[in-house]
Amino acid sequence: MADSLTFTLSSGGDVVIKLRPDLAPGHVERITQLASSGFYNGVPFHRVIPGFMAQGGDPTGRGTGGSDLPDIKAEFSAEPHVRGTCSMARTSDPNSANSQFFICFDDARFLDKQYTVWGQVESGMEHVDALPKGEPPANPGTIVKATVG
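Residues numbered from 1 in each chain as written. Predicted model: local features only at pLDDT ≥ 70, side-chain atom pairs only at ≥ 80, totals over all residues. Heavy atoms only, no water.

Below, the discussion takes up the pairing of strand β1 (residues 4-9). The buried fraction of β1 amounts to 5 of the 6 residues, a majority that puts the element mostly inside the structure. Across 6 bridges, β1 lies against strand β2 (residues 13-19) in antiparallel orientation. Note on β2: the bridge partner recorded for S4 is K18. The antiparallel pairing of β1 with β2 creates a hairpin that spans 3 residues between the two strands, and G12 there sits at a positive phi of about 125°. Bridge analysis of β1 against strand β8 (residues 143-148) gives 5 bridges, and the strand direction is antiparallel. Counterpart to F7 in the pairing with β8 is A146. (Buried < 20%, exposed > 50% of the residue type's maximum accessible area, 1.4 Å probe, protein only. Helix = DSSP H or I, 4+ residues; strand = E, 2+ residues; numbered from the N terminus. Pairing = 2+ DSSP bridges.)

Quick look at the structure:
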């Protein structure tokens, strides 16, 4: 299994994420499968809230879509939601994660044990910080290319 994922962002550079299959093997498998297939290429960050998180992974750009694959069973852990944590977005159903994810700008410990952590930004967090803000942003930042490495 790959140990990292790189998102090249329209906000100016690469974000390298250390994958955490030790915490969420099913989610890491899904993220790498989607990234390898090109699913995330061109997908916007449709919800970017300063001091909280940047959410992407919806090909419709509206926050209501996902991949054609089935939803994933939750893999909650005690791993803290802190700056650079990558976690799966979901509905109120804990087992509804699919392709959408978020990257924390700051500590969001109230999410601990309720959302599946699958990675941690190792470098390039400044490019996440530079994403246009909004719900949705007027001109959303996008993942230009996702690469599994």
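Side-chain alternation along strand β6 (residues 101-104) places F101 and I103 on one buried face and F102 and C104 on a second face that is also buried. Both strand β4 (residues 53-56) and β6 contribute to a ladder of 4 bridges, which runs antiparallel. Residue pairing for β6: M53 is matched across the bridge by C104. Note: strand β5 (residues 85-88) against β6, 3 bridges, orientation antiparallel. From the neighbouring strand, M88 faces β6, where its bridge partner is F101.

The geometry of an aromatic ring pair is captured by the separation of the ring centres together with the interplanar angle, meaning the angle of the planes. Per the stated rule, a full pass over the model turns up 8 aromatic pairs. Ring plane angle 80° and centroid distance 5.3 Å describe the contact between F39 and Y40, whose orientation is recorded as edge-to-face. Their ring planes at 90° and their centres at 6.0 Å tell us that F45 and F101 sit as a pair that is edge-to-face. Here F45 is found in strand β3 (residues 45-49), whereas its partner F101 is found in strand β6, with 56 residues between them in sequence. Assessed through its relative accessible area of 1%, F45 is described here as buried. Among the aromatic residues, those joined into a cluster by ring pairs are F7, F39, Y40, F45, F101 and W118. Looking at R90, its charged tip hangs above the ring of Y115, at a distance of 4.2 Å from the centre. (Phe/Tyr/Trp six-rings, centres within 6.5 Å; stacked < 30°, edge-to-face > 60°. Lys NZ or Arg CZ within 6 Å of the ring centre and 35° of its normal.)

With that settled, the discussion passes to the UniProt feature "domain: PPIase cyclophilin-type" (unreviewed entry) in the protein. Sequence positions flagged by UniProt for "domain: PPIase cyclophilin-type" (unreviewed entry) are, in local numbering, residues 13-149. The distance separating the terminal C-alpha atoms of residues 13-149 is 16 Å; by composition the span is 13% helix and 27% strand. (UniProt positions renumbered as here; feature names shortened; annotations may be inferred.)

Moving on, we come to the pattern of salt bridges. Pairs can form between side chains of opposite charge whenever their charged atoms are close. If you walk through the whole model with that rule in mind, you get 5 salt bridges. Here D22 makes a salt bridge to R20, at a shortest N to O gap of 2.6 Å. Its salt-bridge partner being D129, residue R83 comes within 2.6 Å of it at the nearest N-O pair. Of this pair, R83 sits in the loop between β4 and β5 while D129 sits in helix α2 (residues 125-129); the two residues are 46 residues apart in sequence, bridging distant segments of the chain. In this structure, a network of salt bridges that share partners links the residues R20, D22 and E79. (Salt bridge = Lys/Arg side-chain N within 4 Å of Asp/Glu carboxyl O.)

Read across the open sheet, the 8 strands follow the order β3-β4-β6-β5-β7-β2-β1-β8; overall the sheet is antiparallel. A single partner strand is all that each edge strand has here, and the edge strands are β3 and β8. If you compare each strand with its neighbour and ignore which way they point, the axes differ by 25° on average. Sheet strands in contact with helix α1 (residues 25-37) are β1, β2, β5, β7 (117-123) and β8, and its direction is about 120° off that of β8. (Axes fitted to C-alpha atoms, helices over the stretch in contact; angles between N-to-C directions. Contact = heavy atoms within 4.5 Å.)

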